[in-house]
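# Analysis of the macromolecular model
Below, each chain spelled out in residue letters.
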Amino acid sequence: MIRKDFPALGEHYFEEKLPNGLTVRVIPRPGFAKKFAFLATDFGSIDMRFSFAGKDCAVPAGVAHYLEHKMFDLPEGNAMEQYAEYGGGNNAFTNYTMTAYYVECTDCFEENLKILLRMVTTPYFTDESVNKERGIIEQEIRMYEDNADSACFENLFAAMYSRHPARIPICGSVESIAEITPETLYACHKAFYDPGNMMLCVIGDVDAERVAELAKQYTPAGAQERAVRDYGAAEDMACCETSVKKKMEVSMPTFAIGFKCPPAEDGTEAERMDIIGDLAAELLVGESSALYQRLYEQGVIDADFSCNFEHMKGLALLVASGDSETPELVLDELLAEAERVAREGVDRAQFERLKKSMLGRRTRDLDSFEGVCYAMCSCGFEGVEYLDYPALFHAVTPEDVELFVRENVKKERAALSVIEPANEQRG
């Protein structure tokens with residue numbers, strides 16, 4: 001294994017790329033009782049169209065999430081029962097771009113790691129088990145449909161994007177998952193769960209060489225071919241709809257405002273844009289900004305309000321969300337503040353203060369085992385070294401943020417999604 005050092009953070013990790021293509025990273029935490037293993041694949045809900053093994057494939061919406069559910073089944077039984085035998089706390093998740101499985105424990109680390117490696121790389125799907133899972137996932141879909149926050153963001157993405165698959169909910173729909181069969185799951189596992197499309201990240205007081213040795217023993221040989229993804233034609237910068245509203249059982253309107261931004265195709269540039277976008281959000285309407293304080297004191301927004309930048313393959317956006325009786329006013333105020341920043345520029349002292357604060361928060365996040373592993377894998381799949389972020393922060397200038405605000409935070413890039421109380425008539 002090779003050792004990679006990051007003096008700016010006082011951090012290091014060990015890395016080895018196995019012969020089958022699996023990337024293994026071990027971040028030492030001497031003296032810590034907890035050990036954490038995170039195995040991720042570069043496969044998420046947006047990966048519904050792809051070519052593999054000479055064929056063009058189109059799979060139903062929700063297949064990545066469905067596959068996540070079924071990976072806990074092994075020929076000899078359910079992996080969760082095996083984890084329980086060795087005291088391993090385990091879970092998994094699927095988002096737009098990644099599916100990840102993880103286990104944490106204080107004892108029996110090797111046994112838990114073996115279960116994780118074998119579980120994720122051993123596809124075992126039967127008609128009976130796949131059909132049984134369908135009812136469970138249908139309940140989960142309906143739960144999200146009844147959740148105002150989920151509905152608000154799903155409606156926002158559908159309003160903003162005409163072609164990109166992020167406009168489709170991660171879990172899919174009751175109708176789409178009805179089309180998923182064992183053959184569908186096997187095909188996606190073969191295309192995306194190849195070791196060369198995955199990363200194993202381990203944190204704790206562990207032997208890095210032993211982790212790599214176990215990964216070699218308990219993962220299969222890799223394939224040479226990689227799936228080629230298709231997210232459709234590039235989106236233009238105008239939103240499909242500028243406003244979408246839905247009534248649900250909520251006591252107060254919930255809203256999300258999105259500003260459509262051009263995606264950065266290069267991984268390093270995408271990480272740089274994340275920093276610039278988040279700085280723009282902080283400067284415009286972060287908790288220390290004049291606009292936030294004024295809107296909060298006037299009761300226009302509450303403490304749940306947030307604003308941040310997000311990106312994934314093929315899209316990027318600035319999102320502001322929260323609860324408000326007058327979400328349209330929040331949008332108007334944001335646009336007015338963006339016009340002021342574009343006209344007057346960024347306050348340099350405020351910019352430097354916010355940049356230091358954000359860098360400090362990012363560094364404190366290194367205390368989270370799950371957070372570090374997620375960021376390592378997410379950046380790694382984009383070809384970016386996560387722990388190089390201090391250099392990216394230092395290189396960002398006030399002019400970068402001014403340009404971002406000027407080009408992106410404007411009315412023609414905006415969409416507003418609102419969930420209104422079902423028993424209230426609003427104009």
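Predicted, not measured: the structure shown is a model, and the values here were computed from it. All residue numbers refer to positions counted from 1 along the written sequence of the respective chain. Reporting of local features is limited, given that this is a predicted model, to residues whose pLDDT is at least 70; pairs of side-chain atoms are given and counted only at 80 or more, and all residues count toward the totals for whole chains, interfaces and linings. Think of the side-chain values as coming from all heavy atoms in the structure, minus any hydrogens and water.

## What to know about the sheet that holds strand 14 (residues 254–261)
Basically, it comes down to this: When DSSP locates at least two bridges between a pair of strands, those strands are taken to pair. Secondary structure elements are taken from DSSP: a helix is a run of H or I of four residues or more, a strand is a run of E of two residues or more, and numbering for both begins at the N terminus. For helices, the fitted axis covers only the stretch in contact; all axes are lines through C-alpha atoms, and the angles between them, taken along N-to-C directions, range from 0 to 180 degrees.
Strand order in the open sheet formed by 5 strands is 13-17-14-16-15, with mixed pairing between adjacent strands. Each end of this open sheet is capped by a strand with a single partner; those strands are strand 13 (243–248) and strand 15 (306–312). Recorded for the sheet is a direction-independent mean angle of 20° between the axes of neighbouring strands. Note that strand 13 and strand 17 (residues 414–421) share 6 bridges and pair parallel. When the bridges of strand 17 are listed, Val244 appears paired with Ser417.

## Some details on the pattern of salt bridges
Applicable threshold: Within this document, salt bridges are pairs made up of a side-chain nitrogen of Lys or Arg and a carboxyl oxygen of Asp or Glu, the two lying within 4 Å of each other. Between buried and exposed lies partly exposed: a residue is buried under 20% and exposed over 50% of the maximum accessible area for its type, with that area taken using a 1.4 Å probe on protein chains only.
According to the stated counting rule, one finds 30 salt bridges in the structure shown. Of the charged contacts, one joins Arg25 and Glu385 as a salt bridge, the two residues approaching to 3.9 Å between their closest N and O atoms. Highlighted residues: Arg25 in strand 3 (residues 23–28) and Glu385 in the loop between helix 13 (369–381) and helix 14 (389–395), separated in sequence by 360 residues. For the pair shown, Arg25 and Glu385 are each scored as buried. Among the salt bridges present, the one from Arg229 reaches Asp42, with a minimum N-O distance of 3.4 Å. Taken together, the positions of Arg229 in strand 12 (residues 228–229) and Asp42 in the loop between strand 4 (35–41) and strand 5 (49–52) put the pair 187 residues apart, joining distant regions of the chain. Looking at Arg229, the relative accessible area reads 23%, which means it is partly exposed.

## Let's talk about the packing of aromatic side chains
The criterion, for reference: A pair of aromatic rings is counted whenever rings of Phe, Tyr or Trp (Trp by its six-membered ring) have centres within 6.5 Å, and the orientation is called stacked for planes under 30 degrees apart, edge-to-face for over 60 and tilted otherwise.
Taken as a whole, this structure holds 21 aromatic pairs when the rule is applied. With a centroid separation of 6.0 Å and 5° between ring planes, the pair formed by Tyr292 and Tyr296 is classed as stacked. Here Tyr292 pairs with Tyr296, and both are found in helix 10 (residues 290–297), just 4 residues apart, close to one helical turn. Owing to a relative accessible area of 7%, Tyr292 belongs among the buried residues under this scheme.

## A look at the layout of surface pockets
Test applied: Here a cavity denotes grid points, spaced 1 Å and computed from the protein atoms alone, that fit a 1.4 Å probe unable to get out, and a pocket denotes an open set having protein on both sides within 12 Å along at least 5 of 7 lines; residues with an atom within 4 Å of a point are the lining. Grid points are joined across faces, edges and corners, and a volume is the space filled by probe spheres set on the points. Residue polarity follows a fixed list, in which Ala, Val, Leu, Ile, Met, Phe, Trp, Tyr, Cys and Pro are nonpolar, Asp, Glu, Lys and Arg are charged, and the others, Gly among them, are polar.
What the largest pocket holds in volume is close to 1600 Å³. Every residue lining the largest pocket is counted, 50 residues in all, and those nearest its centre are Asn95, Asn308, Glu310, His311 and Tyr374. Considered class by class, the residues forming the lining of the largest pocket number 23 nonpolar, 11 polar and 16 charged. Along its surface, the second largest pocket is lined by 25 residues, and Pro263, Glu265, Met312, Lys313 and Gly314 are the ones closest to its centre. For the lining of the second largest pocket, the secondary structure elements donating two or more residues are helix 9 (267–285), strand 15 and strand 16 (315–323). Grouping the amino acids of the lining of the second largest pocket by side-chain chemistry returns 16 nonpolar, 5 polar and 4 charged.

## Section: the environment of Ile137
Assignment of secondary structure puts Ile137 in helix 4 (residues 127–145). Taking relative accessible area as the criterion, Ile137 reaches 0% and is therefore assigned buried. Each C-alpha atom, one on Ile137 and one on Glu209, is 39 Å from the other, the two residues being 72 residues apart in sequence.

## Remarks on the sheet that holds strand 6 (residues 55–58)
What counts is decided by this rule: The contact criterion used throughout is that any non-hydrogen atoms of two residues lie within 4.5 Å.
Read from one edge to the other, the open sheet built from 3 strands follows the order 6-5-12, with strand pairing classed as antiparallel. The open sheet has two edge strands, strand 6 and strand 12, and neither has a second partner. With 4 bridges joining them, strand 5 and strand 6 adopt antiparallel strand pairing. Across the sheet, the residue bridging to Phe52 is Lys55, located in strand 6. Strands strand 5 and strand 12 of the sheet are contacted by helix 7 (residues 182–192), whose axis makes an angle of about 70° with strand 5.

## Here's the deal with the nonpolar core
Stated formally: The criterion is simple. A nonpolar core is a set of buried Ala, Val, Leu, Ile, Met, Phe, Trp, Tyr and Cys residues joined through side-chain atoms within 4.5 Å.
Ranked by size, the top nonpolar core spans 70 residues in total, and within it Phe38, Val401 and Phe404 carry the most contacts. Per element, the largest residue contribution to this core is 9 residues, and it comes from helix 9. Not counting residues within four places of it along the chain, the set of residues in contact with Val401 comprises Ile276, Leu279, Ala280, Leu283, Val346, Phe351 and Val396. If you look at the next biggest cluster of nonpolar residues, it comprises 54 residues, including Phe109, Leu117, Met119 and Phe125.

## Examining helix 1 (residues 63–70)
Counting buried positions over the 8 residues of helix 1 gives 8, a clear majority of the element. Looking at helix 1, one finds that the buried residues are Val63, Ala64, His65, Tyr66, Leu67, Glu68, His69 and Lys70. Looking at the buried side of helix 1, the elements it contacts are strand 7 (73–74), strand 9 (89–94), strand 10 (99–105), helix 4, helix 6 (174–177) and helix 7.

## Some remarks on empty space enclosed by the protein
Overall, the coordinates contain 2 cavities of 30 Å³ or more when judged by the stated rule. Its volume calculated, the largest cavity comes out at about 50 Å³. Elements with a contribution of two residues or more to the lining of the largest cavity: helix 9 and helix 14. For the lining of the largest cavity, the class distribution of residues is 6 nonpolar, no polar and 3 charged. There is about 40 Å³ of room inside the second largest cavity. Around the second largest cavity, the lining residues are Glu11, His12, Ile27, Arg29, Leu366, Val372, Met376 and Leu387. Among the secondary structure elements, those contributing two or more residues to the lining of the second largest cavity are strand 2 (11–17) and helix 13. For the lining of the second largest cavity, the class distribution of residues is 5 nonpolar, 1 polar and 2 charged.

## Some points on the environment of Val211
Positionally, Val211 belongs in helix 8 (residues 208–218). Separated by 82 residues in the primary sequence, Val211 and Ser129 place their C-alpha atoms 32 Å from one another.

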